[in-house]
Each structure stands twice: as structure tokens, then as C-alpha cells.
Amino acid sequence: VKLLHVLPGEKLSLQKHKYRSETWYVIDGTARVTKENDRFTLQTGDSIVIEKNLSHRLENQSGRPLQIIEVQTGSYFGEDDIVRLGDSYGRVDLH
């Protein structure tokens, strides 16, 4: 379980995982979620399941901080299970 803080105007990498799924619970703010080719707007109290092997991204397009509880389920939870498909911070994966 992780508590994610996304600052206004920021976003996480477009990524996927081979071994884990994630469920995101919005506890404060408004989240813009990309899940494969679909986009969703989630408000406080909403949640979404991101199944393993699906590309996904979390964004905060609002002017206030976003807080998400992330629950991971699966067979492996190491950070090397992140396959970045696009990143705003210059991180590159060699997968």
C-alpha cells in the first residue's frame, strides 16, 4: 500500500506492470487517469482498478494537491516491475 501525492499540474509516467495490478482510491482532489486508450476523471471517494499489463498514467490537472491510496496486488512488487512507456522526467527503461 502506498500514499501518492501528485502536485498540481504534474503526472506520473505512462507505465505498465507485468506482475501486479493496482487499485487507486482518490482520497483528496481530482485525478485524471489514462487506462490503455480510455481516460477517466475521478473525484474524492472514487476508485479504479488497473490490471497488470495495461498501460496507465495518473495526472493532476487541477490547481490543488491530489492524494491517492494505491493498493498493489499480484505476485511481485519490486520497483523493477515498472515498464515506462513515456516519462516527463527523463527516466528511461531498457525493457
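Our subject is the structure listed above.
Here the structure is a predicted model, which means the values were calculated and not measured.

## Quick word on the pairing of strand β6 (residues 47-50)
The two faces of β6 differ: Ile48 and Ile50 on one face are buried, but Ser47 and Val49 on the other face are not. One ladder, built from 4 bridges, connects strand β3 (residues 20-28) with β6; its direction is antiparallel. Counterpart to Trp24 in the pairing with β6 is Ile48.

## Looking at the pattern of salt bridges
Pairing is possible between side chains that carry opposite charge, provided their charged atoms lie close to one another. Within the structure shown, the criterion is met by 5 salt bridges. Among the ionic pairs, Asp28 bridges to Arg64, the shortest N-O distance being 2.6 Å. On the criterion of sequence distance, the pair formed by Asp28 in strand β3 and Arg64 in the loop between β7 (56-59) and β8 (66-74) is long-range, its members being 36 residues apart. Between Arg39 and Glu59 there is a salt bridge; the shortest N-O distance is 3.4 Å. Residue Arg39 is found in strand β5 (residues 38-42), and its partner Glu59 is found in strand β7; the two are separated by 20 residues along the sequence. The exposure class assigned to Arg39 is partly exposed, which follows from its relative accessible area of 40%. Relative accessible area serves as the criterion here: at 10%, Glu59 is assigned to the buried category.

Conventions adopted
- Residues numbered from 1 in each chain as written.
- Predicted model: local features only at pLDDT ≥ 70, side-chain atom pairs only at ≥ 80, totals over all residues.
- Heavy atoms only, no water.
- Buried < 20%, exposed > 50% of the residue type's maximum accessible area, 1.4 Å probe, protein only.
- Helix = DSSP H or I, 4+ residues; strand = E, 2+ residues; numbered from the N terminus.
- Pairing = 2+ DSSP bridges.
- Salt bridge = Lys/Arg side-chain N within 4 Å of Asp/Glu carboxyl O.

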